Amino acid sequence: MKQRSILFEEKQYLGQNKYSIYRRSLLAGFCLLIYFSSEYTQKILVKEHTEDFLLILAVILLAFSVLLLFVLHLHTTVYEKSIELRGFWTARLVKIPLESIVSVKKIKYSRYFFNRPVYNLHNQGTIKFFTRGNNALELQDRDGTSFIIGSQRPDELESVLNKALENVPTLN
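Computed from a predicted model, the values in this text were never measured in an experiment.

*Asks:* Even after reading the chapter, I still don't get the sheet that holds strand β6 (residues 118-123), so can you show me in this structure?
*Replies:* Strand-to-strand pairing in sheets goes through backbone hydrogen bonds, with the strands running parallel or antiparallel. On the basis of which strands lie adjacent, the open sheet formed by five strands has the order β5-β8-β9-β7-β6 and mixed pairing. At either end of the open sheet lies a strand with only one pairing partner, and these are β5 (101-108) and β6. Adjacent strand axes in the sheet meet at a mean angle of 20 degrees when their direction is disregarded. Running at roughly 170 degrees to β5, helix α3 (residues 154-167) makes contact with β5 and β8 (135-141) of the sheet.

*Asks:* I'm lost on the sheet that holds strand β3 (residues 82-86) in this one. Help?
*Replies:* Pairing is antiparallel in the open sheet, where four strands are placed in the order β1-β2-β3-β4. Both edges of this open sheet fall to β1 (8-13) and β4 (94-97), since each of them pairs with a single strand only. Averaged over neighbouring strand pairs, the angle between their axes works out to 10 degrees when direction is ignored.

*Asks:* What exactly am I supposed to notice about the side chain of H75 here?
*Replies:* By the secondary structure assignment, H75 is in strand β2 (residues 72-78). On the basis of relative accessible area, H75 is assigned to the buried category, the value being 11%. A distance of 2.7 Å separates the side chain of H75 from the side chain of E9, its partner in a polar contact. Not counting the four nearest positions on each side in its chain, H75 is found in contact with E9, E10, K11, E84, L85 and R86.

*Asks:* So what exactly am I meant to see when it comes to the pattern of salt bridges here?
*Replies:* Side-chain pairs of opposite charge can arise where the charged atoms are in close proximity. Enumeration according to the criterion identifies five salt bridges in this entry. Across the pair R86 and E84 runs a salt bridge whose closest N-O atoms are separated by 3.1 Å. By relative accessible area, R86 is classed as partly exposed at 33%. According to the relative accessible area criterion, E84 is buried, its value standing at 2%. Taken together, the shared-partner salt bridges in this structure form one network comprising R4, E84 and R86.

*Asks:* Looking at this model, I keep getting lost on the pairing of β6. Mind explaining?
*Replies:* Successive side chains on a regular strand alternate, one facing one side of the sheet and the next facing the other. The sheet contact formed by β6 and strand β7 (residues 126-130) spans five bridges and is antiparallel. Bridge assignment links Y119 to a residue of β7, and that residue is F129. Where β6 folds back on β7, the antiparallel hairpin that results is connected by two residues, among which Q124 adopts a positive phi of roughly 50 degrees.

*Asks:* Please clarify how α3 should be interpreted in this entry.
*Replies:* With 14 residues, α3 extends 20 Å from end C-alpha to end C-alpha; this agrees with the ideal 20 Å at 1.5 Å per step. Within α3, the full set of buried residues consists of P154, L157, E158, V160, L161, A164 and L165. Viewed end-on, α3 has its buried residues packed into an arc of 165 degrees, placing them on one side of the element. Opposite the buried face of α3, at more than 90 degrees from it, the exposed residues are K163, E166 and N167. Residues of α3 that are buried sit in contact with β1, β2, β3, β5 and β8.

*Asks:* For this particular structure, what's the right way to read the nonpolar core?
*Replies:* General note: in soluble globular proteins, nonpolar side chains tend to be found buried as a group. Grouped together as the largest cluster of nonpolar side chains are 23 residues, with contacts concentrated most on I83, L85, L98, F129, L139 and L161. When contributions to this core are tallied by element, the ones reaching two or more residues are β2, β3, β4, β5, β7, β8, β9 (146-150) and α3. Tallying contributions element by element places α3 first for this core, with five residues. Ignoring sequence-local partners within four residues, the contact set of L85 consists of L74, H75, T76, R92, L93, V94, I96, Y119, F129 and I149. Core analysis: the second largest hydrophobic core is formed by seven residues, C31, Y35, L54 and L61 among them.

*Asks:* Would you explain the confidence of the model for the chain in this entry?
*Replies:* Overall, the predicted model of the chain reaches an average pLDDT of 83, with 86% of residues at or above 70. Here β6 stands out as the element of the chain with the lowest mean pLDDT, 78, in contrast to β4, whose mean of 92 is the highest.

What counts, and where the lines are drawn
Residues numbered from 1 in each chain as written. Predicted model: local features only at pLDDT ≥ 70, side-chain atom pairs only at ≥ 80, totals over all residues. Heavy atoms only, no water. Pairing = 2+ DSSP bridges. Helix = DSSP H or I, 4+ residues; strand = E, 2+ residues; numbered from the N terminus. Axes fitted to C-alpha atoms, helices over the stretch in contact; angles between N-to-C directions. Contact = heavy atoms within 4.5 Å. Buried < 20%, exposed > 50% of the residue type's maximum accessible area, 1.4 Å probe, protein only. Polar contact = N/O pair within 3.5 Å; in protein donor to acceptor, adjacent residues only side chain to side chain. Salt bridge = Lys/Arg side-chain N within 4 Å of Asp/Glu carboxyl O. Expected span 1.5 Å × (residues − 1). Arc of directions from axis to C-beta. Core = buried A, V, L, I, M, F, W, Y, C linked by side-chain atoms within 4.5 Å. pLDDT = per-residue confidence, 0-100.

The following block contains the structure:
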């Protein structure tokens, strides 16, 4: 079997998405704030078993946040003739042939501060793959479909794709 050479590879993990980090940290912080303030000041009247539950909930949220740092969400691999996007667990492999790509452009992913991680999200002729950050590449194919691929190294990915597109024969 012929070995394909990898031109670019990037792995993005779910636990590194700032929207998710802030949400879980805020909830855990709220639980800890109520736990400690009710225990030491008696200004907030909370029953003892509720205090214990809040502490356990905060610890579980923080442990869950640490575990998510190791959950692979998006694995982007560029080969000589294709781009492969792998999701986590049950997500299917998405393979984009380079011969169908007509343009590559670096863009800002979204104008919003918080963005959800998405994998293979189809929305109004655009297919999105994103985990974290604000940088992305927009790939336009011959059929008019736009692929938006989030990346932590968009400049490197753009240069690799442009070089690969020069070497790929185009479809007529």
